Amino acid sequence: MLRWRGLDDVPAGWGRCVVTIGVFDGIHRGHAQLVNAATRAAAERGVPSVLMTFDPHPSEVVRPGTHPPQLSTLRRRADLAEEMGVDVFCVIPFTPTVAAQSPEEFVHEVLVEELHAAVVVVGDNFTFGHKALGDVPKLRELGQRFGFEVTAVSLFGEHAVTYSSTYIRSCIASGDVELAAEALGRPHRVEGAVVHGERRGRDLGYPTANVAPPEHAAIPGDGVYAAWFTVLGGKEGDGFRIGERYAASVSVGTNPTFSGRNRTVEAYVLDLDADLYGQHVAVDFVSRLRGMESYDGIDALIAAISNDVDQTRTILSAEDN
C-alpha cells in the first residue's frame, strides 16, 4: 500500500481511482463498510482505491481546543487500511486554508484535478467544505458536473446502533471496553512509550510498565482491565519478542490508595520479566475487571491485585482458545 502525506505525493500520470473520504478514527465497523464498498468498486473498475483522511482532526483547526479523544494513531489507521486491501492511504494536512475551501473548490481541486476520482464513497451523513456546507446531495450534484459517481453508505449497525467514533469514545470513557470492541471490530488500543513511574508495583511484587500515550489518546475510564500487551517496535530485549502479545492486568487511574494525582496507564504483564523502558507498546483493552478503589493498607491492595491477575488469566485464556 502506498502512503501519501499531502497531494504533492500523487505521482505524475496518476489515473482514475475510487476515493473514500473521512477522518476514519479507529477504522471501526462503520468505516469498514465504507472501505469495503470502495475496494469492491475499485476492483470492478480495475483502478486503485484511495482512503483519504485528515491530520490534525478538523475540529481542532475549526475550533481550537476541541480535539476529540483519538481512537487510533495515523500509523494504526494506515496499517488497518492496508489489511483491508486499500491501495493508497492519503493524509491531507488539515489547515485553515483547507477548512476555508468551498465544497466546489474541494471537489474540483482535490477529487477531480489531483485524484481523478471515478467513484467517491462516503457515509450517508457526510459533510464537507467550508462550514460543512457540502453534503451528499451536493456531492452527487458535483459528481454529475465533473464526471464521477457517488456511493453513500449507511453506517447503521446491529442492535439499532449507528457505528460512529463518537459512540465508541463514549463507551471507552465509561470503561465499557466490551461495547467499544463490538463497534470497532477489535479491542480498543492505546499505544505509547514505556516510561519510568513511581516503582510502587515492583515493591508490591507486581512490577508495571508505565505507558505514556500520545496527546489526545482515548483512555478508558478509571479501573482495572484485562488486556493484551504488545511491544510494537524498538530493540528486542531479553525476555520478550517484538510483535508477540502478552496477557496483562492494566490499571488506569490515579492510584487512590497512595493519594495519587496523575492519571496513569500501568500494565502488569503476566509471566514476563523484562526491561521494557523506552519500548513503544500497545495495550488492547479486552474486559473491565473493576473500578478504581482505595484500600485500607498494602495487604488489601496486594490481595486485590492478585485477584485481578487471576481474572485476567481466566478471561484471556478463554479468548485465546
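Above this text sits the structure in question.
It should be emphasised that the depicted structure is a prediction, and the values quoted were computed from it without experimental measurement. (Residues numbered from 1 in each chain as written. Predicted model: local features only at pLDDT ≥ 70, side-chain atom pairs only at ≥ 80, totals over all residues. Heavy atoms only, no water.)

## Quick notes on the pairing of strand β11 (residues 264–269)
Using the following cut-off: Three labels apply to residues, based on accessible area from a 1.4 Å probe with only protein chains included: buried if under 20% of the type maximum, exposed if over 50%, partly exposed otherwise in between. Numbering of helices and strands starts at the N terminus; helices are DSSP runs of H or I of at least 4 residues and strands are runs of E of at least 2. Here, strands pair whenever DSSP counts at least two bridges between them.
Where burial is concerned, most of β11 is hidden: six out of the six residues are buried. Going residue by residue along β11, you find Thr264, Glu266 and Tyr268 tucked away on one face and Val265, Ala267 and Val269 tucked away on the opposite face as well. As paired elements, strand β8 (residues 209–212) and β11 share three bridges and run antiparallel to each other. Bridging across to β11, Asn210 finds its partner in Glu266. When strand β10 (residues 245–253) meets β11, the two strands line up antiparallel, connected through six bridges. Bridge assignment links Ala248 to a residue of β11, and that residue is Val269.

## A short note on the nonpolar core
As a reminder of what qualifies: Here, nonpolar core refers to any group of buried Ala, Val, Leu, Ile, Met, Phe, Trp, Tyr and Cys residues whose side-chain atoms link them within 4.5 Å. The contact criterion used is simple: two residues touch if any of their non-hydrogen atoms lie within 4.5 Å.
Val19, Ile21, Met52, Val107, Leu111, Leu115 and Leu139 are the most contacted members of the largest nonpolar core, which has 31 residues in total. Where this core is concerned, the elements lending two or more residues are β2 (17–21), β3 (49–55), β4 (88–93), α4 (96–99), α5 (103–114), β5 (117–123) and α6 (136–146). The leading source of residues in this core is α5, at five residues. Discounting residues that sit within four places of it in the chain, Ile21 has contacts with Met52, Phe54, Phe106, Leu111, Val120, Val121, Val122 and Phe126.

## A word on the sheet that holds β2
Counted only if it meets this: To get an axis, a line is fitted to the C-alpha atoms, and for a helix only the part in contact is used. The angle between two axes follows their N-to-C directions and goes from 0 to 180 degrees.
Taken in spatial order, the six strands line up as β1-β4-β3-β2-β5-β6 in an open sheet, and their pairing is parallel. Bordering the open sheet on either side are β1 (2–5) and β6 (149–153), each of which pairs with just one other strand. Going from strand to strand, the sheet's axes swing by 20 degrees on average, the running direction of each strand aside. Of the strand pairs in this sheet, β2 and β5 are connected by four bridges, and their pairing is parallel. Looking at β5, one finds that Val18 is bridged to Val119.

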